[in-house]
Amino acid sequence: MNKEIYAAPLQGYTDGMWRRAHSKIYGGVTAYFTPFIRIEKDDVRPRDIRDLSAGTFGDVAVIPQIIFNSTDEFERLVDKLASLGKKRIDLNLGCPFPPQVKHGRGAGALRRELMEKVAELINGRYSELYFSVKMRPGISSCDEWLPLCDIINSMTLSHVTIHPRIAIRQYEGKADIDTFKRMNEHINHHIVYNGDLRATTDLHEISDRFDGTIGMMIGRGLLMRPSLAAEYIEGEEWSRSRRMEALCEFHSLIYDGYADRLCGNAQILSKIKPFWDYLEPEIGRKAWKSIHKATSLPSYLSFVEKALADSGNSAFDI
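It should be emphasised that the depicted structure is a prediction, and the values quoted were computed from it without experimental measurement.

Chemist: So what exactly am I meant to see when it comes to the overall build of the protein chain here?
Modeler: Looking only at helices and strands, the protein chain has 15 helices and eleven strands in total. For 318 residues, the compact-globule estimate of 2.2 N^0.38 gives 20 Å, and the protein chain sits close to it at 20 Å. Based on the C-alpha atoms only, the size of the protein chain along its principal axes is roughly 55 × 45 × 35 Å. Within the protein chain, buried positions represent 53% of all 318 residues. Long-range contacts, defined here as pairs at least 24 residues apart, represent 73% of the contacts in the protein chain between residues at least 6 apart. With an accessible surface of roughly 14,400 Å², the protein chain has 49% of that area assigned to carbon and sulfur atoms. Taking the average location of the 42 positive side-chain charges in the protein chain and that of its 43 negative ones, the two points are 5 Å from each other.

Right, here's the structure in full:
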């Protein structure tokens, strides 16, 4: 039986435009998690709230994720989301990027005093909301989570997503499966696995090895192969022609969305070019390099059209 598939939040990539287009073209995802929402200039960042409103096609859930370094930030973020009618909130306890960790957010929030206060709020004041956690084992050691295990277990959570890499490694090297196994055995919540899921074989391997987990969260794997979740759920690998046809539609939806919303070619170009960052395996090195070298919107569109046409798809329309 297939596990549930969640789309991981990735700053600069999985924004509302991406989520809406992916849910329409591909599907296979139970819920999309937003890139983290945070406090900036002493207020909840407005663009994060605007992005949250994008939603998805159909009834696929969009779950806001928050990042915080204090109970004050935690409460202000939760209060804002609750005022917007949001009932499910994910806590980012795993962001590995140094600027966030340095200021006590993401993986840097795994501090006993802070987590004790957050647990009290979750179990008390915010008991009518549904929380989940996405975490790493720690910043520089794979055992930093252990002293906090009792606090995490005391929280009322729908699930805990574990990315088994320490923060200082960011996304380098392989995910530490042994660490995941230990955390899975000690954390008394439903567990979701996250890390190095780039092919359906990876999904089946983790699913079979950790049968008790409820799901898997895919991040870069969906950027590299947007059809990955759908292929896993359908139990069948998509042909190259089907993948390329879908990629054309996917890109067109996102491009049209940015073109309607943004002002000027430069803005559109800066937003749409990252779409291709992880797609070199799908379109080839030469086409990938050409797209990334584009310095104007017309040249970009020309390179994209050629890349997709050379890949055997003539249905591209912009």
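Having seen it, we continue.
Chemist: Looking at this model, I keep getting lost on the pattern of salt bridges. Mind explaining?
Modeler: Pairs may arise between side chains of opposite charge once their charged atoms sit close together. One pass over the full model with this rule turns up 23 salt bridges. The salt bridge partner of E40 is R38, with a shortest N-O separation of 3.2 Å. Put simply, K181 and E185 hold a salt bridge, and the shortest N to O gap is 2.7 Å. Of this pair, K181 and E185 both sit in helix α7 (residues 177-186), four residues apart, which is roughly one turn of the helix. If you follow the salt bridges from partner to partner, you end up with R38, E40, R45 and D48 in one network.

Chemist: Is there a simple way to explain helix α12 (residues 265-272) in this structure?
Modeler: Each full turn of the α-helix corresponds to 3.6 residues, which orients residues three or four apart in the same direction. Buried within α12 we find I268, L269 and I272. Buried residues in α12, looked at end-on, bunch into an arc of 100 degrees, giving them a common side. Buried-residue contacts for α12 involve α11 (240-261) and α15 (297-310).

Chemist: Would you mind going over the sheet that holds strand β2 (residues 31-33) with me for this structure?
Modeler: By way of backbone hydrogen bonds, the strands of a sheet pair with one another, either parallel or antiparallel. Taken in spatial order, the nine strands of this open sheet run β5-β2-β1-β11-β10-β9-β8-β7-β6, and their pairing is parallel. The sheet is open, and its two edges are formed by β5 (61-63) and β6 (65-66), each paired on a single side. Examined bridge by bridge, strand β1 (residues 4-7) and β2 share two bridges and lie parallel to one another. From the neighbouring strand, A7 faces β2, where its bridge partner is Y32. The strands touched by α7 are β8 (130-135), β9 (157-162) and β10 (191-194); relative to β10, the strand with the most contacts, the crossing angle is about 170 degrees.

Calculation criteria
- Residues numbered from 1 in each chain as written.
- Predicted model: local features only at pLDDT ≥ 70, side-chain atom pairs only at ≥ 80, totals over all residues.
- Heavy atoms only, no water.
- Helix = DSSP H or I, 4+ residues; strand = E, 2+ residues; numbered from the N terminus.
- Rg over C-alpha atoms; globule rule 2.2 N^0.38 Å.
- Buried < 20%, exposed > 50% of the residue type's maximum accessible area, 1.4 Å probe, protein only.
- Contact = heavy atoms within 4.5 Å.
- Areas by Shrake-Rupley, 256 points an atom, 1.4 Å probe, with all protein chains shown as cover.
- Lys, Arg positive; Asp, Glu negative; His and termini not counted.
- Charge placed at Lys NZ, Arg CZ, Asp CG, Glu CD.
- Salt bridge = Lys/Arg side-chain N within 4 Å of Asp/Glu carboxyl O.
- Arc of directions from axis to C-beta.
- Pairing = 2+ DSSP bridges.
- Axes fitted to C-alpha atoms, helices over the stretch in contact; angles between N-to-C directions.

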